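Architecture and fold: a report
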Amino acid sequence: MGDSVFVITGASRGIGAATAELAAAAGYRLVLASRRAEDLVNAGMRLGGPDRVWAASCDVTSWHDLAFLMGRVEEEWGSIDVVFANAGASVVTSFTSDEGAPPAEWADMVLTNVCGPAYTAKAAMPALVRSRGHLVLTGSAAGRGVRPGNLYSATKWAVTGLAQNIRAECADTGVRVTVVQPGLTDTGAIPASRATEPKLDPADVGRAVLYAVSQPPSVDVNEVVVRPTGQGPYR
Ligand SMILES: NC(=O)c1ccc[n+]([C@@H]2O[C@H](COP(=O)([O-])OP(=O)(O)OC[C@H]3O[C@@H](n4cnc5c(N)ncnc54)[C@H](OP(=O)(O)O)[C@@H]3O)[C@@H](O)[C@H]2O)c1
């Protein structure tokens, strides 16, 4: 795997940043993407500098950004071997009360969480087919259960379906597809109302990603659900 190239969206914080550390330690060259590339500079220097880490500004709600990035990476670094479609956003919603974000603010979350991984997969797939590579998506335990009034959960149900549909289409290409479904994880993205609940460390999720991508090419780990011990029964 020596110089294999591992692309991570949402790499500047939380789960993406923790996965970047583990992937660098495993010997991958990294492409770290988020909207604000300046937030990636320190990680880039720490994880190997410009020969090993490419810090890219990329908004996953923009097809143009993703197509441009994947094209340049394959052209300049020769291949794309793993793509981790991880960038996501969440806002609190309610259908019966005025709590949470007003509907005018819902679209950005849906674009980021649904179009984001879909565009990422579409942009990366030609290169992944050529490398017989691996697509990993970040879903959520919220994409595996009912959360009253929660549109975020519905976007993550969409990611569960997206992963299955992409795998079905590329079954004869050699490309592997994994959806990692984390429970509550200790990042800046969790709502204050859940601050006292048991939480995963972001590296716990990163290890699930590295587990999936380090299997032999004949093994396609399609779904990994990882919850913190003690997470509530309907969570
Ligand atoms: N934390 C949890 O409890 C939890 C549980 C289950 C699943 N997840 C999922 O795990 C993933 C990562 O979450 P996290 O908790 O690590 O979040 P986080 O700490 O808030 O980090 C989010 C990352 O995504 C990037 N990002 C956000 N919108 C983007 C966009 N439009 N284009 C490109 N990058 C964008 C952010 O960078 P910029 O702002 O610079 O773009 C940042 O790097 C998400 O898909 C989330 O839904 C989280």
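Described in the following lines is the structure provided in the data block. As the structure is a computational prediction, the values presented were derived from the model and not from experiment.

**Considerations on empty space enclosed by the protein**
In total, this model carries one cavity of 30 Å³ or more according to the counting rule given. Roughly 60 Å³ of volume is contained in the largest cavity. Together, Thr-9, Val-60, Ala-85, Asn-86, Ala-87, Thr-112, Asn-113, Gly-116, Pro-117, Thr-120, Thr-138 and Lys-156 line the largest cavity. Among the elements that make up the lining of the largest cavity, the one with the highest residue count is helix 4 (residues 106–131) (five residues). Residues of the lining of the largest cavity, tallied by class, amount to four nonpolar, seven polar and one charged.

**Describing the sheet that holds strand 1 (residues 5–9)**
Here seven strands make up an open sheet; going across it, the order is 3-2-1-4-5-6-7 and the pairing parallel. The outermost strands of the open sheet, each flanked by one partner alone, are strand 3 (53–57) and strand 7 (223–226). On average, each strand axis in the sheet is tilted by 15° relative to the strand beside it, whichever way the strands run. By the bridge criterion, three bridges tie strand 1 to strand 4 (residues 82–85) in an arrangement that is parallel.

**A word on the site of the ligand**
Around the ligand, a shell composed of 29 residues is seen, among which Ser-12, Arg-35, Tyr-152, Thr-185 and Thr-187 lie nearest. Ser-12 places a polar side-chain atom, nitrogen or oxygen, 2.6 Å from an oxygen atom of the ligand. One of the side-chain nitrogen or oxygen atoms of Arg-35 is found 2.8 Å away from an oxygen atom of the ligand. Within the complex, the protein chains bury 94% of what would otherwise be the 890 Å² of accessible surface of the ligand.

**Structural notes on the layout of surface pockets**
Size it by volume and the second largest pocket reaches roughly 280 Å³. Lining the second largest pocket are 15 residues, with Asp-81, Arg-132, Gly-133, Arg-176 and Val-213 positioned closest to its centre. In terms of residue class, the lining of the second largest pocket is built from five nonpolar, seven polar and three charged.

**A word on helix 5 (residues 151–169)**
For helix 5, with 19 residues, the first-to-last C-alpha span of 27 Å sits near the 27 Å given by 1.5 Å per residue. For helix 5, the complete set of buried residues consists of Leu-151, Ser-153, Thr-155, Lys-156, Val-159, Thr-160, Leu-162, Ala-163 and Ile-166. Where the residues of helix 5 are buried, they touch helix 4, strand 5 (134–138) and strand 6 (176–182). The N-cap residue of helix 5 is Asn-150: its side-chain oxygen and the backbone nitrogen of Tyr-152 are 3.0 Å apart.

**Digging into the pairing of strand 1**
Judged by how many residues are buried, strand 1 sits mostly within the fold: five of five residues are covered. Residues Val-5, Val-7 and Thr-9 of strand 1 are buried on one face, and the alternating residues Phe-6 and Ile-8, pointing to the opposite face, are buried as well. Relative to strand 2 (residues 29–34), strand 1 runs parallel, the two being bridged by five bridges. Paired with Phe-6 across the two strands is Leu-30, which belongs to strand 2. Read from strand 1 through helix 1 (residues 14–25) to strand 2, the crossover connection turns out right-handed.

**Describing the side chain of Ser-94**
Structurally, Ser-94 can be placed in the loop between strand 4 and helix 4. A distance of 3.0 Å separates polar atoms of two side chains, one belonging to Ser-94 and the other to Ser-97. When neighbours within four sequence positions are excluded, Ser-94 is seen to be in contact with Glu-99, Trp-106 and Gly-149.

**Considerations on the pairing of strand 4**
Across the two faces of strand 4 the burial is the same, with Val-82 and Phe-84 and Val-83 and Ala-85 all buried. Bridge analysis of strand 4 against strand 5 gives four bridges, and the strand direction is parallel. Bridge pairing in strand 5 places Val-82 opposite His-134. Between the parallel pair strand 4 and strand 5, the chain is carried across by helix 4, and the sense of this crossover is right-handed.

Criteria and thresholds
- Throughout, residues of each chain are indexed from 1 in the direction in which the sequence is written.
- Predicted model: local features are reported for residues with pLDDT of at least 70 only, side-chain atom pairs are reported and counted for 80 or more only, and whole-chain, interface and lining totals are derived from all residues.
- Hydrogens and water are ignored here; the side-chain numbers use all heavy atoms of the structure.
- Of the two site types, the cavity is a set of points on a 1 Å grid over the protein atoms alone where a 1.4 Å probe fits but cannot get out, and the pocket is an open set with protein on both sides within 12 Å along at least five of seven lines, each lined by residues with an atom within 4 Å of a point.
- Grid points are joined across faces, edges and corners, and a volume is the space filled by probe spheres set on the points.
- In DSSP terms, a helix is any run of H or I states spanning at least four residues, a strand is any run of E spanning at least two, and both are numbered starting from the N terminus.
- Note on residue categories: nonpolar means Ala, Val, Leu, Ile, Met, Phe, Trp, Tyr, Cys or Pro, charged means Asp, Glu, Lys or Arg, and polar means any other residue, Gly included.
- What makes two strands pair is DSSP finding at least two bridges between them.
- Under this scheme, a helix contributes an axis fitted over its contacting stretch, all axes are lines through C-alpha atoms, and angles between N-to-C directions fall in the 0 to 180 degree range.
- Near residues are defined by distance, with any heavy atom within 4 Å of the molecule or strand qualifying the residue.
- In protein, a polar contact means a hydrogen-donor-capable atom and an acceptor-capable atom, both N or O and within 3.5 Å, with residues adjacent in sequence counting only if both atoms are side-chain atoms; elsewhere, any N or O pair within 3.5 Å suffices.
- Computed with the Shrake-Rupley method and a 1.4 Å probe, the accessible areas treat only the protein chains shown as cover for residues.
- Helix span, as expected, comes to 1.5 Å for every residue beyond the first.
- Buried means the residue's accessible area, taken with a 1.4 Å probe over protein chains only, is under 20% of the maximum for its type, while exposed means over 50%, and partly exposed covers the values in between.
- The contact criterion used throughout is that any non-hydrogen atoms of two residues lie within 4.5 Å.
- The crossover handedness rule: strands pointing away from the viewer, path from first strand over the helix to second strand clockwise, crossover right-handed.

That is the geometry; function is a separate question.
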